[in-house]
Amino acid sequence: MTETEAPPTPTPAPASTCRRGFPFPQSPDEQAPPEFSELPTCPGLPAVQLSTGVEALLVTRYDEVRAVLSDDRFRREPAGRPLFARTRESLALAASDPPDHTRRRKAVAPYFTARDAERQVPRIRQIAAKTADELATRPEPADLVNAFAVPFALRVIAERLGVPEADHAFLRPKVDAMMSTTRFPPEQVRAAHEQAREYFADLIACREAELDDGFPSDDLLTDLLRAPDGRGLSRNELVVMAAGLLMAGYETTSNQMAMCVLMLLREPGEADRLRADPDLIPPAVETMLRHSALMSTGGAPHMAIEDVYVGDTRVQAGQVVVPLVDAANRDPQAGERPHLSFGHGRHFCLGAHLARVELAIGIRTLLERFPALELAVDQAAVTWREGMFIRGPMALPVRWT
Ligand code: HEM
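This structure is a prediction, so every number in the text was calculated from the model and none was measured. (Residues numbered from 1 in each chain as written. Predicted model: local features only at pLDDT ≥ 70, side-chain atom pairs only at ≥ 80, totals over all residues. Heavy atoms only, no water.)

Caption draft 1: Representation of the overall build of the chain. Along the backbone of the chain there are 14 helices and 12 strands. For a compact globule of 401 residues, the expected C-alpha radius of gyration is about 21 Å, and the chain comes in at 21 Å, within 12% of that figure. With the C-alpha coordinates of the chain rotated into their principal frame, the extents come out at 65 × 55 × 40 Å. When the 401 residues of the chain are sorted by exposure, 53% land in the buried category. Partitioning the contacts of the chain with sequence separation of at least 6, the portion at a separation of at least 24 is 73%. Within the structure as shown, the chain displays about 17600 Å² of accessible surface, and the carbon and sulfur contribution to it stands at 54%. On the chain, the mean spot of the 45 positive side-chain charges and the mean spot of the 56 negative ones are 1 Å from each other. (Helix = DSSP H or I, 4+ residues; strand = E, 2+ residues; numbered from the N terminus. Rg over C-alpha atoms; globule rule 2.2 N^0.38 Å. Buried < 20%, exposed > 50% of the residue type's maximum accessible area, 1.4 Å probe, protein only. Contact = heavy atoms within 4.5 Å. Areas by Shrake-Rupley, 256 points an atom, 1.4 Å probe, with all protein chains shown as cover. Lys, Arg positive; Asp, Glu negative; His and termini not counted. Charge placed at Lys NZ, Arg CZ, Asp CG, Glu CD.)

The structure is reproduced here in structure tokens:
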């Protein structure tokens, strides 16, 4: 029996005694809110009110989070009312359900395999080295977020897509607004989406013209255009996909990188251990992914399309649930099972292989290039992003001499 099938003695969902606002207040560090550690051991599914006023049930236990994320009776599109500030159009993949999701994901999945990520290793090393060289020329203390984590992650995904470096300065503020939950006013978020869409529509037209002229670029957008039927993506879907990949590709990785570096600088012994044996970096990255919390919203809201049991709670058709991967990671029942920081099921992070390679290379480059790297401020003085979908330090002042 799976966790979502009816147990022998069904118990209806208890009436909520306390409908708290959700998301809970963020921790002033890389940790998830303290509730994420407590809730997996409490009975039932706690009822909360999302910032949009929608009532939802939180799913926090490891097995139940996995069950919801792989159960077709939970859909994202019906729940796709503006639960958070990001619009559906910016998230064609993460916000869609089969059959659209299946078709869209199939179009791009071959470009994000483990083998593809491995093939990119030499180039990612070069990008990391170049970005570290630029950091070394800065006066100390320098901000590791803006001087390393962001340009490194942005360069990797932008180059893969075919976005010229000259356009990064234009795109960064657009992505900031597009990834905001409450930090930017809705009209600015809408305008940023519009401008990003226009940008990618122009870029794709340009890549198409190069193809027609017989001088194709070597990048993912050109590959998709060259495929006989555009790999099943309409032109509008391709535009949205390109913008979505840029956003998902660097906001996540750059913030996760900054959180990893912060965790390592707090534990100089651990940083030295990784310097001495870089083979220990990939497993250390997994541990840091498990113990940090990247998504400020906790997870994507899903709506039940029929009555479904989650554990022994009956979720009724039309009810919204939010599976919290960072709570699942803290469930004592999770033990040593794989962390869920890249999600689970059909929406499992498309860029997980690439992200793992980037994090390992970025961390190794920093540790080797800056043997005396340290925080230039007290950890308590590090400020954290607020009102943004992805969590991370606003800035990480470091010195290295
Ligand atoms: C440390 C870095 C990263 C983390 C922790 C991360 C985490 C996640 C998580 C948890 C999901 C599932 C979200 C959900 O269920 O709604 C997801 C989905 C996704 N990620 Fe990542 N991600 C990272 C890096 C990347 C990169 C580098 C890319 C570049 C392509 C990427 C592209 C995507 C896409 C396109 C989806 C949507 C997949 C789908 O809905 O089928 N991510 N990511």
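Additional details are given in the paragraphs that follow.
Caption draft 2: Fine view of the packing of aromatic side chains. On inspection of all chains with the given rule, the structure shows 7 aromatic pairs. A ring pair is formed by phenylalanine 170 and tyrosine 199, whose centres lie 5.9 Å apart and whose planes are at 35°; its orientation type is tilted. Separated by 29 residues along the polypeptide, phenylalanine 170 in helix 7 (residues 168-178) and tyrosine 199 in helix 8 (residues 186-212) bring together distant segments of the chain. The partly exposed category is assigned to phenylalanine 170, whose relative accessible area is 36%. Here tyrosine 199 and phenylalanine 200 contribute two aromatic rings whose centre-to-centre distance is 5.1 Å and whose plane-to-plane angle is 90°, an arrangement assigned as edge-to-face. (Phe/Tyr/Trp six-rings, centres within 6.5 Å; stacked < 30°, edge-to-face > 60°.)

Caption draft 3: How the structure looks around the site of the ligand. Around the ligand, a shell composed of 25 residues is seen, among which Arg76, His101, Arg105, His347 and Cys349 lie nearest. Here an oxygen atom of the ligand and a side-chain polar atom of histidine 101 are 2.6 Å apart. Between the ligand and the protein, one listed contact pairs an oxygen atom with a side-chain N or O atom of arginine 105 at 2.7 Å. Broken down by secondary-structure element, the contributors of at least two residues to the shell around the ligand are helix 3 (100-108), helix 10 (235-266) and helix 14 (352-369). With 6 residues, the single largest contributor to the shell around the ligand is helix 10. A breakdown of the residues in the shell around the ligand according to their chemical character gives 13 nonpolar, 9 polar and 3 charged. (Near = heavy atom within 4 Å. Polar contact = N/O pair within 3.5 Å; in protein donor to acceptor, adjacent residues only side chain to side chain. Nonpolar A, V, L, I, M, F, W, Y, C, P; charged D, E, K, R; others polar.)

Caption draft 4: How the structure looks around the confidence of the model for the chain. Taken over all residues, the pLDDT of the chain has a mean of 91, while the share at 70 or more is 92%. When the criterion is pLDDT under 50, residues 82-86 qualifies, and its contacts beyond four places in sequence or with other chains add up to 21 contacts. (pLDDT = per-residue confidence, 0-100.)

Caption draft 5: Region of interest: the pattern of salt bridges. Taken as a whole and judged by the stated rule, the model has 28 salt bridges. For glutamate 64, the salt bridge is made with arginine 61, and the minimal N-O distance between the two is 3.2 Å. Arginine 104 is the salt-bridge partner of glutamate 237, the closest N and O atoms lying 2.9 Å from each other. Here glutamate 237, found in helix 10, pairs with arginine 104, found in helix 3; they are 133 residues apart in sequence, far enough to count as distant. The exposure classification of glutamate 237 matches that of arginine 104, with both residues buried. (Salt bridge = Lys/Arg side-chain N within 4 Å of Asp/Glu carboxyl O.)

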